[in-house]
Amino acid sequence: MQEEKEINKLGTAPVPQLMLSMGIPMILSMVLQAVYNIVDSAFVSNMAENGEAALNALTLAFPVQMLMVAVGIGTGVGANALLSKSLGQNNWEKVNRTAGNAVFLGVVIYVVFLLFGILGAGAYVGTQTANPLIISMTEDYLRICCCISFGIVFFSIYEKLLQASGHSMFSTIAQIAGAVTNIVLDPIMIYGLLGCPELGVKGAAYATVIGQCVSFGLAFVFHLKVNKEISNHIKYMRPSAKTIGEIYAIGLPAIIAQALMSVMTYGMNIILGGITESAVTAYGLYYKIQQFILFAAFGLRDAITPIVSFNHGMQSKSRIREGIKCGLVYTMVIMTAGFLVLEIFAVPLSGIFGLSGETQRLCVSAMRIISVSFLFAGVNIAFQGIFQALDSGIESLVISVLRQFLFVLPIAWIFARIVEQTGGNTWLVWLTIPIAEIISAGLAIVLMKRIYKRKVAAIQEEACRWKERTV
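In this report, we go over the structure that sits alongside the text. (Residues numbered from 1 in each chain as written. Predicted model: local features only at pLDDT ≥ 70, side-chain atom pairs only at ≥ 80, totals over all residues. Heavy atoms only, no water.)

## A closer look at the overall build of the protein chain
Put simply, the test is: Helix numbers and strand numbers start at the N terminus; a helix is a DSSP run of H or I with at least 4 residues, a strand a run of E with at least 2. Radius of gyration here is computed from C-alpha atoms only, and the compact-globule reference equals 2.2 Å multiplied by the residue count raised to the power 0.38. Under the scheme applied here, a residue whose accessible area is under 20% of the maximum for its type counts as buried, over 50% as exposed, and between as partly exposed, the area being computed with a 1.4 Å probe on protein chains only. Residue contacts are counted whenever heavy atoms from the two residues lie within 4.5 Å of one another. Residue-level accessible areas treat just the shown protein chains as cover; the underlying method is Shrake-Rupley with a 1.4 Å probe. The charge count treats Lys and Arg as positive and Asp and Glu as negative. His and the chain ends do not count. Note on charges: their place is set at NZ of Lys, CZ of Arg, CG of Asp or CD of Glu.
In terms of helices and strands, the protein chain carries 18 helices and zero strands. Taken over the C-alpha trace, the protein chain has a radius of gyration of 22 Å; the compact-globule value for 471 residues is 23 Å, and the two agree within 12%. A buried classification covers 55% of the 471 residues belonging to the protein chain. For the protein chain, the proportion of contacts with a sequence separation of at least 24, taken over those separated by at least 6, is 81%. Of the roughly 19,000 Å² of accessible surface on the protein chain, 67% is carried by carbon and sulfur atoms. A gap of 10 Å separates the mean positions of the 31 positive and 26 negative side-chain charges of the protein chain.

Put into structure tokens, the structure is as follows:
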């Protein structure tokens with residue numbers, strides 16, 4: 001009865017309140033994800049020695065961390081959707097097989113990143129810098145994060161299993177516990193407090209993976225405690241090509257969209273490295289700061305999708321339109337607030353990380369120029385969720401590729417060459433992101449009009465359909 005009541009809310013509750021009630025926990029969860037990416041930077045940048053070099057090292061390692069999260073979360077998203085559908089069908093064999101195969105995939109993902117940490121970290125770092133101190137720090141940080149990556153990988157899996165069965169509060173508790181653990185351990189392990197040896201960058205890495213393991217451990221315990229309907233027998237971990245295919249049919253677009261952020265950051269590190277190491281450090285720090293705002297928008301997007309999708313299935317044109325409108329408005333509120341915060345507090349924010357001189361100037365200019373893109377990125381992010389809800393995943397993926405790859409790296413490379421040859425200011429490269437978001441937003445609006453005409457405008461409103469179904 002409770003499950004039916006929750007489903008009914010998607011089709012009957014006022015859309016503005018519904019979007020807020022669903023969106024706020026998702027926003028909180030996504031923002032906590034950004035905590036892992038920023039707290040290490042805040043502490044290592046204030047190390048007594050080589051703080052700026054350490055910050056640069058974390059910037060170079062960041063794309064791999066993002067890739068781990070992308071693959072883990074994308075796999076979890078696919079398992080989440082498939083498991084939820086199977087629960088609704090009372091198909092317990094498929095429920096158990098989906099959960100078991102998700103865990104199997106987690107093992108495979110961990111092994112891949114373990115091998116990368118052991119064998120590929122050095123080669124990866126060497127493609128971005130020739131500075132021996134930064135290379136050494138990056139390798140140390142990256143090897144620890146990759147070799148003990150089972151925490152983030154399996155938390156991503158069990159988080160989605162909890163959410164699929166309607167227990168998202170437990171996954172949020174696990175995530176908060178991990179983030180708090182990371183924040184507490186960072187100064188202790190980096191600076192050598194309370195009898196702990198001073199580990200520097202290695203301490204930041206250990207604090208991160210310990211926090212991730214805490215989140216995984218709690219999520220696993222919660223899964224065993226509350227997901228009683230799911231069997232954890234080892235036989236269900238036997239790989240099924242069909243089940244794995246169904247998981248990635250849903251999860252692969254999410255992986256690609258998330259992984260593009262990693263590719264873009266890696267590419268920008270190389271391009272900016274051709275100008276100055278300070279530009280790499282400044283961009284990396286800005287990127288981590290902006291994630292608090294972008295991830296909040298991603299959380300709201302994840303609320304937009306089920307609301308619009310459900311009402312699309314219900315063929316309620318009015319609720320689809322309201323969902324689209326509220327999604328766009330709420331996302332723009334988040335992005336506008338983020339834009340204003342970075343414009344107003346750019347200098348004090350950069351000061352938190354102990355930056356000075358050229359690096360601080362570059363970071364402040366990055367905040368004030370790139371943050372203009374938020375006003376257009378909000379449109380793109382909201383439309384991506386709406387496209388997915390209206391069974392237009394390809395269009396959603398196209399916007400991701402354009403705004404995070406095709407319209408970024410080529411333009412950034414051209415601007416960087418201009419800066420190198422003319423001795424111009426690096427702010428020219430920062431313009432790349434607003435340009436990419438503006439062009440992508442224009443194309444997203446064109447695609448939205450086409451999709452709306454094809455999939456929404458043609459709907460004949462049937463006001464009584466939901467009532468007839470649920471009586």
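## Looking at unusual backbone geometry
A positive phi angle, close to 60°, is found at N50, a residue other than glycine. Here N50 shows up in the loop between α2 (15-44) and α3 (51-88). For N50, a relative accessible area of 39% translates into the label partly exposed. Backbone geometry at L194 places phi at a positive 55°, although glycine is not the residue there. Note on placement: L194 falls in the loop between α7 (168-191) and α8 (201-226).

## Focus on the nonpolar core
Convention followed: Residue types Ala, Val, Leu, Ile, Met, Phe, Trp, Tyr and Cys, when buried and joined through side-chain atoms within 4.5 Å, form a set referred to as a nonpolar core.
Counting residues in each nonpolar core, the largest one holds 119 residues, and the members touching the most others are M268 and M335. Residue contributions to this core peak at 18 residues, all from helix α10 (residues 277-313). When sequence neighbours within four positions are dropped, the list of residues in contact with M335 reads I293, L294, A297, F374, A377, G378 and I381.

## Section: the packing of helix α13 (residues 374-389) against helix α14 (residues 393-406)
Heads up, the condition is: Only C-alpha atoms enter the line fits that serve as axes; for helices the fit covers just the stretch in contact. Angles between N-to-C directions range over 0 to 180 degrees. For classification purposes, an angle smaller than 35 degrees is called roughly parallel, one larger than 145 roughly antiparallel, one from 65 to 115 roughly perpendicular, and anything else oblique. Handedness of a crossing is defined here by the sense of rotation of the near helix relative to the far one, left-handed for an anticlockwise turn of less than a right angle and right-handed for a clockwise turn.
Here α13 crosses α14 at 155°, and the two axes come no closer than 7 Å. Of the possible angle classes, the one that applies to α13 and α14 is roughly antiparallel. For the pair α13 and α14, the crossing hand works out as left-handed. Every residue of α14 that contacts α13 at A377, N380, I381, Q384, F387 and Q388 is listed here: G393, E395, S396, I399, S400 and R403.

## Concerning the pattern of salt bridges
Worth spelling out the cut-off: Any carboxyl oxygen of Asp or Glu within 4 Å of a side-chain nitrogen of Lys or Arg constitutes a salt bridge here.
All told, the structure shown has six salt bridges when counted by the stated rule. Linking R143 and E139 is a salt bridge whose minimum nitrogen-to-oxygen distance equals 2.9 Å. Of this pair, R143 and E139 both sit in helix α5 (residues 132-147), four residues apart, roughly one helical turn. Since its relative accessible area comes to 17%, E139 is described here as buried. Among the salt bridges present, the one from R454 reaches E395, with a minimum N-O distance of 3.8 Å. Residue R454 is located in helix α17 (residues 432-455), and its partner E395 is located in helix α14; the two are separated by 59 residues in the primary sequence. Classification of R454 as partly exposed rests on a relative accessible area of 47%.

## Regarding the side chain of N182
Note the cut-off: Side-chain atoms alone can form a polar contact between residues adjacent in sequence; in general such a contact is a pair of N or O atoms within 3.5 Å, and within protein one must be able to donate a hydrogen while the other accepts it.
Examined against the element boundaries, N182 turns out to sit in helix α7. A distance of 3.5 Å separates a polar atom in the side chain of N182 from the backbone nitrogen of T208.

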